[in-house]
Amino acid sequence: MTAQSKERLEQTIATYDLLASLFLTLPDEELVRSVLAGEFEDETGSAGLDEIARWGREQRDANPEDVLLDLARDRVVLMRGVNREGMQPPYESLYLGQKENTTIGSLNRFYGSCGYTLTDEVKDAPDQVGVEIAFAQLVLEQELAALADGNLEQATELEALYRSFLSQHLGRWASRYGTQMAKTATTGFYRGIGLLLAETFS
């Protein structure tokens, strides 16, 4: 494994970690302060991270509690389906028009293949975008560990599992949801997350 490919894999894992956490946990004051402090400033050319950083600069003089309230309102519309525009929440079965049981059954088989189970802390369904991203992240982390150990056979199997997961699940709908999210969001923070999601899985 070259240093360049290792760095790419590590960057993908870091992006997935960020996205999964943003979809699975509520924004808190620590997150807001990190954005306002410029921690999302980026030089990779990511439109999503640029939008989050721009929003952070605009909010620097705002009361963090007011900012959190704005984010909470936006999140309810974007992730819970509470809106007038018809924005569907981030569940694969909704975006692919499949029966929920069929989608979740297929996902659970993928998850089980890596010993992945949802903890009690996760309150969302297996087809929520954050859960799917967290699984993809786990597979890539295991692939990176296998490569570090020199186990090329296992690394190849995990890469194939990852590609299969993208082609059958996450890669088929996450970008479409992200694009819709960016269009619907009323805060630059969630607009940026939508753009980041769309560019990551396009």
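Placed above this text is the structure.
A few points on the structure. (Residues numbered from 1 in each chain as written. Predicted model: local features only at pLDDT ≥ 70, side-chain atom pairs only at ≥ 80, totals over all residues. Heavy atoms only, no water.)

A word on helix H6 (residues 100-113)
With 14 residues, H6 extends 20 Å between its outermost C-alpha atoms, agreeing within 8% with the 20 Å of an ideal straight helix rising 1.5 Å per residue. Gly115 sits one or two positions beyond H6 and adopts a positive phi of about 70°. (Helix = DSSP H or I, 4+ residues; strand = E, 2+ residues; numbered from the N terminus. Expected span 1.5 Å × (residues − 1).)

Focus on the pattern of salt bridges
A side chain with one charge can pair with a side chain of the opposite charge if their charged atoms come near. One pass over the structure, following the stated rule, counts eight salt bridges. Where Arg54 meets Glu51, a salt bridge forms, and the shortest distance between an N and an O atom there is 2.4 Å. With Arg54 and Glu51 both in helix H3 (residues 47-58), this residue pair falls three residues apart, about one helical turn. Among the ionic pairs, Glu58 bridges to Arg54, the shortest N-O distance being 2.2 Å. Remark: Arg54 and Glu58 occur in helix H3; sequence separation between them is four residues, near one turn of the helix. Look at Glu58 and you get exposed, because its relative accessible area is 52%. Within the structure, one salt-bridge network assembled from shared partners comprises Glu51, Arg54, Glu58 and Arg191. (Salt bridge = Lys/Arg side-chain N within 4 Å of Asp/Glu carboxyl O. Buried < 20%, exposed > 50% of the residue type's maximum accessible area, 1.4 Å probe, protein only.)

Quick notes on the environment of Ser106
One can find Ser106 in helix H6. The buried category is assigned to Ser106, whose relative accessible area is 15%. Separated by 21 residues in sequence, Ser106 and Asp127 have C-alpha atoms that sit 9.8 Å apart. Excluding anything up to four places from it in sequence, Ser106 contacts Gln168 and His169. (Contact = heavy atoms within 4.5 Å.)

Digging into the environment of Tyr16
Examined against the element boundaries, Tyr16 turns out to sit in helix H1 (residues 3-24). Owing to a relative accessible area of 2%, Tyr16 belongs among the buried residues under this scheme. Remark: the alpha-carbon pair of Tyr16 and Leu138, spanning 122 residues in sequence, is separated by 9.4 Å. Apart from residues no more than four positions distant in its own chain, Tyr16 is found in contact with Ile133, Ala136, Gln137, Leu140, Tyr162, Thr200 and Phe201.

Description of the side chain of Thr103
Structurally, Thr103 is set in helix H6. Take Thr103: its relative accessible area is 1%, and that puts it in the buried class. Leave out the neighbours within four places in its chain, and Thr103 touches Glu92, Ser93, Gln98, Asp127 and His169.

Regarding the packing of aromatic side chains
Counted according to the given criterion, the structure contains 14 aromatic pairs. A centroid spacing of 4.9 Å and a plane angle of 55° characterise the contact between Tyr111 and Phe135, whose relative ring orientation is tilted. With Tyr111 in helix H6 and Phe135 in helix H7 (residues 129-148), this pair connects stretches of sequence that are 24 residues apart. Residue classification places Tyr111 among the buried positions, given a relative accessible area of 2%. When its relative accessible area of 0% is taken as the criterion, Phe135 is described as buried. Ring pairs connect the aromatic residues Phe110, Tyr111, Tyr116, Phe135 and Phe165, which therefore count as one cluster. (Phe/Tyr/Trp six-rings, centres within 6.5 Å; stacked < 30°, edge-to-face > 60°.)

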